[in-house]
Structures are given as structure tokens and as C-alpha cells.
Amino acid sequence: MCDCNPESMDLKTPRNVYLTAFYKRSFAHHTVKNRMPVIVTQVLDGLARSKEQIASEHGEEGQNDLKSVIGELSKLKYEIQTNKSLRKLVSDAPDIKFYNDYITGQSDKEGNVTFFSAIWLLSECYMYRRIKEAFEMTNTLKNYDPFLKQKRDSHFQALPVMAKLSQYLVEVLEKSEEPKKEDFIHLLKINLWGNKCDLSLSNGEMTSNTDELFNLENLEPNILCDDSEKVWMAVSGGQSPIIDIVFDNSGYEVFTDLCIADYLTTKKLASKIRFYVKTIPWFISDVMITDFRWMIDHLRMNVDEYLRQLGNKWYNYVENGTWVVIEDNFWTLPVDFSYMRDVKLELYKELSKATLVIFKGDLNYRKLFGEKNWDPTTPVDEALQNFNPTKLCTLRTVKADIVCGLPQGLAEKMEAISEKWMETGDYGLIQFSEKIVPV
Ligand code: MG
């Protein structure tokens, strides 16, 4: 039994059930018990450091708002640590009704929903939603992004390798008129490893040496499922279609997202690319529209000529509508994608207009596959549970204990190498589904 939480069981997550902190030998438990309180503490520390800046920008009202945010977040941390029930959200934002109805529905089904008993997805999304709510309830700090500094720092830290990648991309784009499978797959793999740069896993620390992420040969054995040939087949069909990318993280990763988008656009493999961003600060490093715009502006002013060149080109793609950035609050709801058809039919219909949707990262993976502890050999199409708007691909470095679509025996082999193989981000998956169920 866990000393902090009598409701936890000293077990691994059984097969085919939802991930939850209830199982003490799960990554969900480690997250709720250790990682989530640290993340709230870091937000509190960041606010303490920004006290003077907030006072100078917003005066006395700002100072009072800051106090109220600090009070709310201290309560939140205490509620997580003492395994309180998830209280209803109180802000009047448009997504709140869904959150509250969902929490009520879960309580009706499962009894009291607490941080440790809730489905992990709910528990973790709820924490980030509560952080946003604390700011929403103020006058002067409504749009304050408590993760902004970490996002910007990670961008600056990755600039040298981004400069290297930009030179590589420019050379690849110039070397031939025709798209080439090898070039596309190379960029796809660079994009996959970009997903290692996740500030939520590292509690806001930048741990990955981004230079290593460019050295694909060394990383090749760490790709446990590689459907990149199938992804290539899907994009090289010749109709110059719409391709969608559902972003994960800011910094180096989103830069690599735009590199693959540039390749698809320049080589006329896509006529339009739509990027989906979060509407609120999310899992520390996730991309919001402000982060996207900031990065393009920053690249346009960079001293490196290749970064500047790409920044200007990408700016024009956005200006002329070839690239579209779409905000939708569905991506920050606490439910998996099998809910999309019921909750946001318009979004499902939009995605179905794309020839391919690329889902980046771990949280999208958890939501694609229903936050369940599948048998690792469960086929991808089965684990998608009727979320099939169009062909889709997931690029994800493994940072949570959920996986499907692996060949027989591989998960056991990985387990023997390291018990923590699903928590480090050292292993990657490129998985593909061509099953389409139109609305
Ligand atoms: Mg993320």
C-alpha cells in the first residue's frame, strides 16, 4: 500500500484497463505522486520570480491577482498530494461544461473521482486545466503563460542544431525537383526524434542533447516500429492533398515539424498543410498559436542565413494560406479521440478532408489509443477504437506505459533490457493506419 494514498494497489496496470495512478507500479502513479506536484511547484516558483515584473506591468491589481493565483495553485498542489476529489471547474470558459459533465459522469460510474483514482488522462489534463483556471479567474493575468520562459529557453538552446538542420533542409530541397523517398523518410525520422524534447517529461529541464537527435544512424535500432514506407506511400499518391499535423512540443520539435511540412509543400506532395495547436498552456511545452508565431518571427530575425531563409519562406506560407494554424479546444479536453465524433463532429469532418494526419507525441498517442494498457501486439486499427477520420500516422518517442502494434515478443525483449523502457523517450514508434470510417 502506498503511504500517501490508501487507495493505491501495489500492482502493475492489468491488461486492457485504463491507465490510472491507482496501480502503484505504473508510470501514471509516479506521475501523479511525484511529477505533477513538482510541476505545480515550478509554476509557483516561476511566479515568485516574476513578482516584480507583474507588479510593474499591472500595478496593484496585478499584485493581488498574483496572490490569488498563488493561493489557487497552492491549493491545487495540496489537493493532488492528499488525493482529493476533482472539484468542479468554475471559470466560464467554453470547455468547462464538458470538463464538469465528464467528471460527474465518471463519478456516477466509478464513485468518488480523485487524483489517484481517475483515469490518468483525466487527472493530468485536469491539473493543467486548473492551472489555466487560476489565471483565468483574474483580471490582469488571464492570458499569462506560466510555461513561456521554459518554452523560449528550449528554443534558444536548440538553435545551433536548428541551424544545422536548416542548412540540411535547404540543400535537400535544392538538390532535385522530384520528391525522393529517402529524403522524406530521413526528415520524418528527424521529426520523430524531435519528440524527445518534451519539457513535461523532464519537469521543465532541458535534458536531451539535441545534437544527438540529428544522428539518425545511431538511433535507428531504437525505432521499434517503422511504418515510414507506408507513410511515404500515403503522401506520394500524386494528388497534392491536404496534410494535417497535430503538434506536440515547442522548441526543437516544432521546428522539425515545419521542416517536414516544408518538404511536403515544396515538393508539391501537399497543397495545403494544417497545423493544430493548443488553446491554453499545456503539458509545459505544447505549442500554442503564440509560440508558433513567435518562432517564425524569431527565425526571420536570426543571424543564421539558413534559419532566416526558412523563417521568411514559412512566414509567406502562412501569409498566403498554404499553411494554416488551427486552434481547437478539443485537444485539451480530458478524453481520448474516440470521443471526437460525438463531442466535436466538425473537427472529425475537417480531419477527414486530409489525406493524412500526423499525430505527434505521447499525449496524442495516449488519446489515439484510448489510454489503455493494451497487449503490445494489439493491432493499431483495433486500439484506435473507431477513430478513423482518414489515414493517420503517429510519430512518438515512448514516454508513457501504453503501446500497441508491436511484433510478438518485442515488448518482452525490451522489458528484459530495461524495466523503464517506456518512460525514457529513448525508443521511437512510427505507426500508420489506413483504415477510414467516414462520418
Ligand atoms: Mg507535449
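Residues numbered from 1 in each chain as written. Predicted model: local features only at pLDDT ≥ 70, side-chain atom pairs only at ≥ 80, totals over all residues. Heavy atoms only, no water.

1. Overview of the overall build of the chain
Basically, it comes down to this: By the criteria applied, helices consist of DSSP H or I runs no shorter than four residues and strands consist of E runs no shorter than two, each listed in order from the N terminus. In this description, contact between two residues means that some pair of their heavy atoms is separated by no more than 4.5 Å. Areas reported here follow the Shrake-Rupley algorithm with a probe of radius 1.4 Å; residue values treat only the protein chains shown as occluding.
Across its full length, the chain holds 16 helices and seven strands. Considered along the principal axes of its C-alpha atoms, the chain spans approximately 60 × 55 × 45 Å. Within the chain, contacts between residues separated by at least 24 positions form 79% of all contacts whose residues are at least 6 apart in sequence. Summing over all exposed atoms, the chain offers an accessible surface of approximately 18,000 Å²; the carbon and sulfur share of this is 50%.

2. Quick word on the pairing of strand 6 (residues 391–397)
Condition: For every residue, the accessible area (1.4 Å probe, protein chains only) is compared with the maximum for its type, and the residue is labelled buried under 20%, exposed over 50%, or partly exposed between those bounds. When DSSP locates at least two bridges between a pair of strands, those strands are taken to pair.
Of all seven residues making up strand 6, six are buried, and the element is well covered by its neighbours. Of the pairings in the sheet, the one linking strand 5 (residues 356–360) to strand 6 comprises five bridges and is parallel in character. Across the sheet, residue F359 finds its bridge partner in strand 6, namely T394. Note: strand 6 against strand 7 (residues 428–433), six bridges, orientation antiparallel. Within strand 7, the position partnered with L395 by the bridge is I430.

3. Quick word on the sheet that holds strand 2 (residues 242–246)
Strand-to-strand pairing in sheets goes through backbone hydrogen bonds, with the strands running parallel or antiparallel. Put simply, the test is: A fitted line through C-alpha atoms represents every axis, and for helices the fit uses only the stretch in contact; the resulting angles, taken between N-to-C directions, go from 0 to 180 degrees.
A sheet is described by the order of its strands in space; here seven strands give the open sequence 1-7-6-5-2-3-4, paired in mixed fashion. Strand pairing shows two members of the sheet lacking a second neighbour, strand 1 (223–226) and strand 4 (323–327), which therefore form its edges. Averaged over neighbouring strand pairs, the angle between their axes works out to 15° when direction is ignored. In this sheet, strand 7 lies alongside strand 1 in parallel orientation, the contact comprising three bridges. Bridged to D226 within strand 7 is I430.

4. Some details on the domain arrangement of the chain
Interface size is commonly expressed as the accessible surface area that is lost when the partners come together. Keep this limit in mind: Domain start and end points were adopted from an automatic or database domain assignment. By definition, the buried area sums, over both parts, the 1.4 Å-probe accessible area that each loses when the two are put together. Here a salt bridge means any side-chain nitrogen of Lys or Arg lying within 4 Å of a carboxyl oxygen belonging to Asp or Glu. Pairs of N or O atoms are called polar contacts if they sit within 3.5 Å, as long as, within protein, a hydrogen donor faces a hydrogen acceptor (for residues adjacent in sequence, only side-chain-to-side-chain pairs).
Each domain of the chain was delimited in the assignment, giving domain 1 (27–136) and domain 2 (148–433). Taking only C-alpha atoms into account, the centre of domain 1 sits 27 Å from that of domain 2. Taken together, the contacts link 20 residues of domain 1 with 27 residues of domain 2. The contact between domain 1 and domain 2 buries some 2,100 Å² in all, and 66% of this surface belongs to carbon and sulfur atoms. Its largest share of buried area at the contact with domain 2, domain 1 owes to F27, L121 and Y128, together 32% of the area lost on that side. Inspection of the domain 1/domain 2 interface yields one salt bridge. Ionic pairing is found between R366 and E124, a salt bridge with its closest N-O pair at 2.9 Å. Taken together, the links from domain 1 to domain 2 amount to four residue pairs in polar contact (both at pLDDT 80 or more). When residues of the side of domain 1 that touches domain 2 are traced back to their parent elements, those giving at least two are helix 1 (27–49), helix 3 (96–110) and helix 4 (120–136). Counting residues per element, the side of domain 1 that touches domain 2 draws most heavily on helix 4, at eight residues.

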